[in-house]
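Coordinates in review
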Amino acid sequence: MNDLRINGERLWASLMELANIGATPKGGVKRLALTDLDKQGRDLVVGWGKQAGMSITVDQIGNVFMRREGRNPALPPIMTGSHIDTQPTGGKFDGNYGVLAGLEVVRTLNDQHITTEAPVEVAFWTNEEGSRFVPVMMGSGVFCGAFSLETAYAAKDTEGKSVRDELARIGYMGEQVPGQHPIGAYFETHIEQGPVLEDADKVIGVVPAVMGLSWYDCVVTGMEAHAGPTPMGLRKDALQVSTHIMQEVVKIANRYPPYGRGTVGMVQLFPNSRNVIPGEVKFSIDLRNVNDALLNTMHEEMLAFIDKTRSDSGLAMSIERVSYYPPCPFHPDCVGAVREATAKLGYSTMDVVSGAGHDAIYAARLAPAGMIFVPCKDGISHNEIEDAKPEHLEAGCNVLLHAMLEWAKIVS
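Values in this document were obtained by computation on a predicted structure and should not be read as measured data.

Describing the UniProt feature "domain: Peptidase M20 dimerisation" (unreviewed entry) in the protein
In the numbering adopted here, UniProt assigns the feature "domain: Peptidase M20 dimerisation" (unreviewed entry) to residues 211-307. Overall, residues 211-307 shows 34% helix and 32% strand. The separation of its end C-alpha atoms is 26 Å.

Structure (structure tokens):
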């Protein structure tokens, strides 16, 4: 079976056909969760699964599980998957690749008349992107018990439409209770969404872990005043004080390489007038690292700096942590299966810690899990120009095939 390979042309054709649903003029995809376009995408993928002889199960949050039976149906399935919802200006590959790579694995097993001991399943999870409904990674989060089904059902979009109503409207509110679907092991194939693999000229990223993240909202309050008559030494300039904190966020991240990350991505200025000294600044802080100890150290250093800045400046400040995801190390046996498959197939490789969240994070709470990365052009994702080479997508799918077979076991 060392010579077993997927059909790269078929994988690419499936990706391009799915990308037609919600296609944008710039070559991307807009297929938001639980819209009519999402229903079309779901129907297409489910139809392909049925054509491949797979049985279909949908749970109460709309997660879809497509099953190829194994010789021993009592065994928990070896699962792969991702999501098919996109960002408003999304690309063809984010999430979609992971789902269709799983489908291509099944098609290849069918082509070669291979029977596995354990069942093989392909999942796609509801509202991974979080671009229409919050929280992000909703389907897998409900599945693993990170938050309740009722919390997810109550979430509304900007038009006031709820997840519960939209699931029912598009016909994907299933009967199975989320989390009552067994998983023996979970693998997810994904474009890297960063520039590391391309920069290193490597084909496969073995993913040992996903970074943890802490998100904060910070508010600095000074006093708005006229920009002309107010001397520099008598100002209470909220923006200038805020910039010191913003710079420190970057410095903290740089103190903890190689996986320290620090970002200020959103700033709201009041009154936002050309000739008025800013009286209030609200801004976001995003800290990330690969283990809890380092992430907590970064957290404590940031709080200490804000306390000192408050004391030195005399301005009022508040800091609130609004979201926290702990780092997620993947199971060494799943990471090992990916590493061994990559070596067997002869692809160039390196370890890449993921800086983005994926459904595999929540799956890893319930079963051994691992991820496979392939390069994307210029590291660009969440963008209509997102792109990947067919040969890289094929390589990642080949690795997925062999890693899953290591767990599912070929019997004939």
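Concerning the packing of helix H1 (residues 8-19) against helix H12 (residues 390-408)
Their axes nearest at 9 Å, the elements H1 and H12 cross at an angle of 110°. One way to sum up the angle between H1 and H12 is to call them roughly perpendicular. In contact with Gly8, Leu11, Trp12 and Leu15 of H1, H12 contributes Pro390, Leu393, Glu394 and Cys397.

Re the pattern of salt bridges
The tally for this structure, following the rule as stated, stands at 21 salt bridges. In this structure, the salt-bridge partner of Lys39 is Asp43, at a minimum N-O distance of 3.2 Å. In this pair, Lys39 and Asp43 both sit in helix H2 (residues 36-51), 4 residues apart, roughly one turn of the helix. Overall, the relative accessible area of 34% leaves Asp43 in the partly exposed class. Arg169 is paired through a salt bridge with Glu166; the nearest N and O atoms lie 3.0 Å apart. A residue pair is termed a helical-turn pair when its members lie 3 or 4 positions apart in one helix, as Arg169 and Glu166 do in helix H6 (residues 163-170) at 3 residues. Of the residues examined, Arg169 reaches a relative accessible area of 44% and is grouped as partly exposed.

Quick word on the nonpolar core
Grouped together as the largest cluster of nonpolar side chains are 96 residues, with contacts concentrated most on Val45, Ile61, Leu100, Val163, Phe187, Phe330 and Leu393. Sorting elements by how many residues they give to this core places H12 first, with 10 residues. Once residues within four sequence positions are removed from consideration, Leu393 is found in contact with Leu11, Trp12, Leu15, Phe93, Tyr97, Ile191, Val374 and Ala388. Listed in part, the 21 residues of the second largest apolar core include Val220, Ala253, Met298 and Met302.

Procedures and definitions
- Residues numbered from 1 in each chain as written.
- Predicted model: local features only at pLDDT ≥ 70, side-chain atom pairs only at ≥ 80, totals over all residues.
- Heavy atoms only, no water.
- UniProt positions renumbered as here; feature names shortened; annotations may be inferred.
- Helix = DSSP H or I, 4+ residues; strand = E, 2+ residues; numbered from the N terminus.
- Axes fitted to C-alpha atoms, helices over the stretch in contact; angles between N-to-C directions.
- Parallel < 35°, antiparallel > 145°, perpendicular 65-115°, else oblique.
- Contact = heavy atoms within 4.5 Å.
- Salt bridge = Lys/Arg side-chain N within 4 Å of Asp/Glu carboxyl O.
- Buried < 20%, exposed > 50% of the residue type's maximum accessible area, 1.4 Å probe, protein only.
- Core = buried A, V, L, I, M, F, W, Y, C linked by side-chain atoms within 4.5 Å.

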